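The primary structure of each chain is shown beneath.
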Amino acid sequence: MNCTLCKNSVPVITKALSHEGDALIAEHCCSACNTFLFEMEIRSGAQLIATRDIHSHDKSYIVPKGRLLRVTAFSELPSHEVGLLFSGLFGVGAFTAKGFAAKWDIKKIISDEVYLAS
């Protein structure tokens, strides 16, 4: 799903609110112009893709851009923001929601050039 204004950007989670204790309501906006796109519920087991390199709140871990992640839990971060917790081979630690996309054109993961040329 691309932004109707920019045409060439991706949805990113810019706000996440705790929902029913075991889920998030994630607000997705355009990665380029911040236009609101949609909201969706994210629960444990959901898969997300990092839309940029994202550091954990303590800077000890990084999720590289394009990395597919499976949510294993939700965590309250020290800054009182709702965070996402990942484990296993994909990454470890709590991360702020900004910079994750729940929907993505698979070509974007492969290469920006492939995505832009298509």
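Our subject is the structure listed above.
Residues numbered from 1 in each chain as written. Predicted model: local features only at pLDDT ≥ 70, side-chain atom pairs only at ≥ 80, totals over all residues. Heavy atoms only, no water.

(A) Representation of the overall build of the protein. Counting secondary structure elements, the protein contains two helices and ten strands. Listed by position from the N terminus, the elements making up the protein come as β-β-β-β-β-β-β-β-β-β-α-α. Counting every position in the protein, which comprises 118 residues, the buried fraction comes to 36%. Here the protein has roughly 6500 Å² of accessible surface; of this, 55% comes from carbon and sulfur atoms. (Helix = DSSP H or I, 4+ residues; strand = E, 2+ residues; numbered from the N terminus. Buried < 20%, exposed > 50% of the residue type's maximum accessible area, 1.4 Å probe, protein only. Areas by Shrake-Rupley, 256 points an atom, 1.4 Å probe, with all protein chains shown as cover.)

(B) Spotlight on the state of the cysteines. On inspection of all chains with the given rule, the structure shows zero disulfides. For the unlinked cysteine C30, the closest cysteine sulfur is that of C33, found at 3.6 Å. Among the residues examined, C33 registers a relative accessible area of 33% and is labelled partly exposed. (Disulfide = S-S within 2.5 Å.)

(C) Molecular detail of the side chain of H28. Within the secondary structure layout, H28 lies in strand β2 (residues 23-30). Only 3.3 Å separates the side chain of H28 from the backbone oxygen of A26, close enough to count as a polar contact. Setting aside residues up to four positions removed in sequence, H28 forms contacts with P11, V12, I13, T35, F36, L37, F38, M40, A101 and A102. (Polar contact = N/O pair within 3.5 Å; in protein donor to acceptor, adjacent residues only side chain to side chain. Contact = heavy atoms within 4.5 Å.)

(D) Fine view of the pattern of salt bridges. Counted under the stated rule, the structure contains two salt bridges. For E20, the salt bridge is made with R43, and the minimal N-O distance between the two is 2.8 Å. Remark: R43 occurs in strand β3 (residues 36-43) and E20 occurs in the loop between β1 (11-19) and β2; sequence separation between them is 23 residues. Here R43 falls in the partly exposed class, since its relative accessible area comes to 28%. Salt-bridge contacts for E41 lead to R43; the nearest nitrogen and oxygen are separated by 2.9 Å. Since its relative accessible area comes to 37%, E41 is described here as partly exposed. Each of E20, E41 and R43 takes part in one network of salt bridges that share partners. (Salt bridge = Lys/Arg side-chain N within 4 Å of Asp/Glu carboxyl O.)

(E) The arrangement of the environment of C30 in detail. Inspection of the secondary structure assignment puts C30 in strand β2. The exposure class assigned to C30 is buried, which follows from its relative accessible area of 1%. Linking C30 and V10, residues 20 residues apart in sequence, is a C-alpha distance of 5.9 Å. Residues contacting C30, with those up to four places away along its chain left out, are C3, C6, S9, V10, T35 and L37.

(F) Geometry of the packing of aromatic side chains. Scanning the entire structure with this criterion turns up one aromatic pair. When the centroid spacing of 6.4 Å and the interplanar angle of 85° are considered together, the rings of F95 and F100 count as edge-to-face. The exposure class of F95 is buried, given its relative accessible area of 1%. Its relative accessible area of 0% is what places F100 among the buried residues. (Phe/Tyr/Trp six-rings, centres within 6.5 Å; stacked < 30°, edge-to-face > 60°.)

Geometry only, nothing functional implied.
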